[in-house]
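Now for the letters of each chain:
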Amino acid sequence: KVYEASTYAIDERTTLADYSLIVANLLNTLRDSHTAIDYAQLQNLQLKNGGFYLPLSLERSSDQRTRLLVKRDWEDKVTPGSELISVNGVGSEQLFKHALDYACIEGDADEAKKSVATSIVMICAGLKRPFAAVNQVKVVDFITGDTLELAMKGYAGKEFYRERYA
């Protein structure tokens, strides 16, 4: 049934980002971690044709609710441990749910799926709403508790790879 639904969802207007989500949904039905989307290729998809990537390293906290916490950003604007509220107006819960659709895991390992999703949130966020040269990031600062709205740089292809491997 999933295969049939996938074939109907694809037509000449389907973008590569849309197609990757269709394929991820199809692969997730296999429940096999050896058959998955190549997340690096999804990141490359964002950087094609002058696109940008927003490098935020995240971790997940599951106390009473799932929260995404910033471990690191390349500009050192965010205090590590600060809670991510939104990126370009898209809430962190919505970003996480979108990443869960791409997270391929073995069997019914729910915690593993959440871990994979956490590691690819920013890749998937850029597929949902492409990043720009400047992006709006809202966080709750870990130290002060203040809600901050920050303008954060998006990195284009060559600059992204130069910084990433520096």
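Reference entry: report on the structure contained in this document.

Thresholds applied
- One numbering rule holds for all chains: residues counted from 1, following each sequence as written.
- Reporting in this predicted model follows two pLDDT cut-offs: at least 70 for local features of residues, and 80 or more for side-chain atom pairs to be given and counted; totals over whole chains, interfaces and linings ignore these cut-offs and use all residues.
- To get the side-chain values, all heavy atoms of the structure are used, and hydrogens and water are removed first.
- For the purposes of this entry, the term helix denotes a DSSP run of H or I that reaches at least four residues, the term strand denotes a run of E that reaches at least two, and both are numbered from the N terminus.
- Using a 1.4 Å probe on the protein chains alone, a residue whose accessible area is under 20% of its type maximum counts as buried, one over 50% counts as exposed, and one in between counts as partly exposed.
- Note on definitions: a residue-residue contact is assigned when non-hydrogen atoms from the two residues lie within 4.5 Å.
- In these tables, accessible area is a Shrake-Rupley quantity obtained with a 1.4 Å probe, and a residue counts as shielded only by the protein chains included in the view.
- Think of a nonpolar core as a cluster: buried Ala, Val, Leu, Ile, Met, Phe, Trp, Tyr and Cys residues, connected wherever their side-chain atoms sit within 4.5 Å.
- The rule for a salt bridge is simple: a side-chain nitrogen of Lys or Arg has to be within 4 Å of a carboxyl oxygen of Asp or Glu.
- Axis definition: a line fitted to C-alpha atoms, over the contacting stretch in the case of helices. Angles run 0 to 180 degrees between N-to-C directions.
- By definition in this entry, angles of less than 35 degrees are roughly parallel, angles greater than 145 are roughly antiparallel, angles of 65 to 115 are roughly perpendicular, and the rest are oblique.
- Residues are grouped as follows: nonpolar covers Ala, Val, Leu, Ile, Met, Phe, Trp, Tyr, Cys and Pro; charged covers Asp, Glu, Lys and Arg; every other residue, Gly included, is treated as polar.
- Two strands are said to pair when DSSP picks up at least two bridges between them.

1. Notes on the overall build of the protein
Assigned secondary structure in the protein consists of 6 helices and 8 strands. Each helix (α) and strand (β) of the protein, taken in turn from the N terminus, gives the series α-α-α-β-β-β-β-β-α-α-β-β-β-α. A burial count over the protein gives 39% of its 166 residues as buried. In the protein, of all internal contacts separated by at least 6 residues, the share reaching a separation of at least 24 is 58%. Summing over all exposed atoms, the protein offers an accessible surface of approximately 9500 Å²; the carbon and sulfur share of this is 51%.

2. Details of the nonpolar core
Core analysis: the biggest nonpolar cluster contains 37 residues, and Tyr 39, Leu 54, Leu 56, Leu 58, Leu 84, Val 121 and Met 122 have the highest contact counts within it. Going through the elements one at a time, α3 (39-47), β2 (56-62), β3 (66-73), β4 (83-87), α4 (92-102), α5 (110-128), β6 (134-140) and β7 (147-153) are the ones with two or more residues in this core. Tallying contributions element by element places α5 first for this core, with 8 residues. Residue contacts for Met 122: discarding those within four places in its chain leaves Gln 46, Tyr 53, Leu 54, Leu 56, Leu 58, Val 87 and Phe 131.

3. Re the pattern of salt bridges
Evaluation of the coordinates by the stated rule reveals 7 salt bridges. With a closest N to O distance of 2.9 Å, Arg 65 and Glu 83 form a salt bridge. Highlighted residues: Arg 65 in the loop between β2 and β3 and Glu 83 in strand β4, separated in sequence by 18 residues. The partner of Arg 67 in a salt bridge is Glu 83, with the nearest N and O atoms 3.5 Å apart. On the criterion of sequence distance, the pair formed by Arg 67 in strand β3 and Glu 83 in strand β4 is long-range, its members being 16 residues apart. Three or more residues are tied together by salt bridges with common partners; here these are Arg 65, Arg 67 and Glu 83.

4. Notes on the packing of α3 against helix α6 (residues 157-164)
Packing of α3 against α6 brings their axes to within 9 Å, and their N-to-C directions diverge by 135 degrees. The pairing of α3 with α6 is recorded here as oblique in orientation. Facing α3, whose interface residues are Gln 43, Asn 44 and Leu 47, α6 presents Gly 157, Phe 160, Tyr 161 and Arg 164. Tallied by class, residues from the contact of α3 with α6 come to 3 nonpolar, 3 polar and 1 charged.

5. A short note on the pairing of β6
Side chains of β6 alternate between two faces, with Asn 135, Val 137 and Val 139 buried and Val 134, Gln 136, Lys 138 and Val 140 left unburied. Strand direction decides the pairing type here: β4 and β6, joined by 4 bridges, are antiparallel. Bridge assignment links Val 87 to a residue of β6, and that residue is Val 137. Note that β6 and β7 share 7 bridges and pair antiparallel. Bridge pairing in β7 places Val 134 opposite Lys 153.

6. Focus on unusual backbone geometry
Non-glycine residue Asp 76 carries a positive phi angle of around 55 degrees. Tracing the backbone shows Asp 76 in the loop between β3 and β4. For Asp 76, a relative accessible area of 64% corresponds to the exposed category. Non-glycine residue Asn 88 carries a positive phi angle of around 50 degrees.

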